[in-house]
Amino acid sequence: MRVVVAIGGNALLERGEVLSAETQRRNMARAAGALAQLADGNEMVLVHGNGPQVGLLALEGEAFKEAPPFPLDVLGAESQGMIGYVIAQEMRNVMPERQIATLITQTRVDPADPAFGAPSKPIGPVYSEAEAQALAEERGWQVAADGDYFRRVVPSPQPMDILEFQTIRLLAQEGALVICAGGGGVPVIVGVEGQTRGVEAVIDKDLAASLLATKLEADRLIILTDVDAVYEDWGMASARKIAEANPAQLRAMPFAKGSMGPKVDAVCRFVEETGRPAAIGSLKEAALVAAGTAGTQILP
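Read on for an overview of the structure.

Calculation notes
- Residues numbered from 1 in each chain as written.
- Predicted model: local features only at pLDDT ≥ 70, side-chain atom pairs only at ≥ 80, totals over all residues.
- Heavy atoms only, no water.
- Helix = DSSP H or I, 4+ residues; strand = E, 2+ residues; numbered from the N terminus.
- Polar contact = N/O pair within 3.5 Å; in protein donor to acceptor, adjacent residues only side chain to side chain.
- Contact = heavy atoms within 4.5 Å.
- Buried < 20%, exposed > 50% of the residue type's maximum accessible area, 1.4 Å probe, protein only.
- Pairing = 2+ DSSP bridges.
- Axes fitted to C-alpha atoms, helices over the stretch in contact; angles between N-to-C directions.

Turning our attention to the side chain of Ser 210. Mapped onto the secondary structure, Ser 210 falls in helix α6 (residues 205-215). A polar atom in the side chain of Ser 210 sits 2.8 Å from the backbone oxygen of Ala 266. Leaving out residues up to four positions away in the same chain, Ser 210 has contacts with Leu 221, Ala 266, Arg 269 and Phe 270.

Here strand β1 (residues 2-7) lies mainly inside the structure; 6 of its 6 residues are buried. Taken together, the 6 bridges between β1 and strand β2 (residues 43-48) define a ladder with parallel strand orientation. The partner of Val 4 across the bridge, within β2, is Val 45. For β1 and strand β12 (residues 220-225), the ladder comprises 5 bridges, and the chain directions are parallel. Note on β12: the bridge partner recorded for Val 4 is Leu 221.

Right, let's talk about the sheet that holds strand β6 (residues 142-146) for a bit. Within the open sheet, the 3 strands sit side by side as β5-β7-β6. Their pairing is antiparallel. Across the chains shown, the open sheet's two edge strands, defined by having one partner strand only, are β5 (121-127) and β6. For this sheet the average axis-to-axis angle between neighbouring strands, irrespective of direction, equals 40 degrees. Pairing of β6 with strand β7 (residues 149-154) involves 5 bridges; the strand directions are antiparallel. Pairing of Ala 144 across the sheet is with Arg 151, part of β7.

Written as structure tokens, this is what we have:
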């Protein structure tokens with residue numbers, strides 16, 4: 001079976017944790033066993049988020065006043081190498097016999113995408129509302145609520161194509177565990193003569209994973225996060241776990257734009273376009289989610 005698995009940047013850096021290399025390594029070491037169970041006997045392509053990490057890199061860059069800060073596309077590429085290194089090393093520790101490849105990946109976007117005028121993608125650490133508003137005023141950021149906290153938000157255009165798709169497919173067919181499209185891929189625009197240029201944005205990794213899974217003709221798209229399933233009326237007394245649903249049922253429900261919304265949209269797109277199943281669930285239960293006995297199963 002060929003599976004595309006997406007894990008969030010928060011899988012390596014949970015909310016409120018110190019943004020350190022050691023924290024990321026420890027969290028990934030815990031996750032590696034569950035992912036290895038899922039990878040065993042399957043072709044697996046692994047996509048990861050980078051929201052906390054790319055925001056931290058941006059903050060570090062602003063602290064060095066002798067040079068202008070790097071743009072978000074360059075920081076996205078830097079985060080792919082940093083996170084991919086940690087994931088690959090911890091996966092190799094539990095799967096020493098498996099070939100593992102981390103690939104810097106570029107994702108084509110439309111320069112006219114309306115997202116450039118309406119930033120919505122949360123990046124960086126979480127702040128209280130007062131802290132976030134003060135930073136927005138000081139640094140010219142746009143901020144928005146993310147759960148009980150606030151974070152910086154940046155443009156998040158729709159992914160249109162994965163430039164390294166052929167390489168990813170070749171590696172997967174040869175049995176390598178491929179780590180790619182980190183942070184949704186580095187956002188680039190492609191000119192009429194094929195020349196590429198990075199743009200100031202961060203792509204949603206779940207939507208990029210959905211596009212990649214569709215292009216790869218994957219048997220299954222699995223999005224792993226820090227909650228055990230999709231819930232109707234999340235955060236309310238009436239909250240209800242959704243064990244199974246189809247895209248039409250999910251699209252009729254409201255979900256938070258900065259968290260569960262893109263995940264639900266991503267799995268619905270995959271199921272609608274391919275007629276194959278998808279799932280959303282906890283990273284800790286990766287194999288059970290893949291087997292259909294945990295999480296939320298999205299069926300055609």
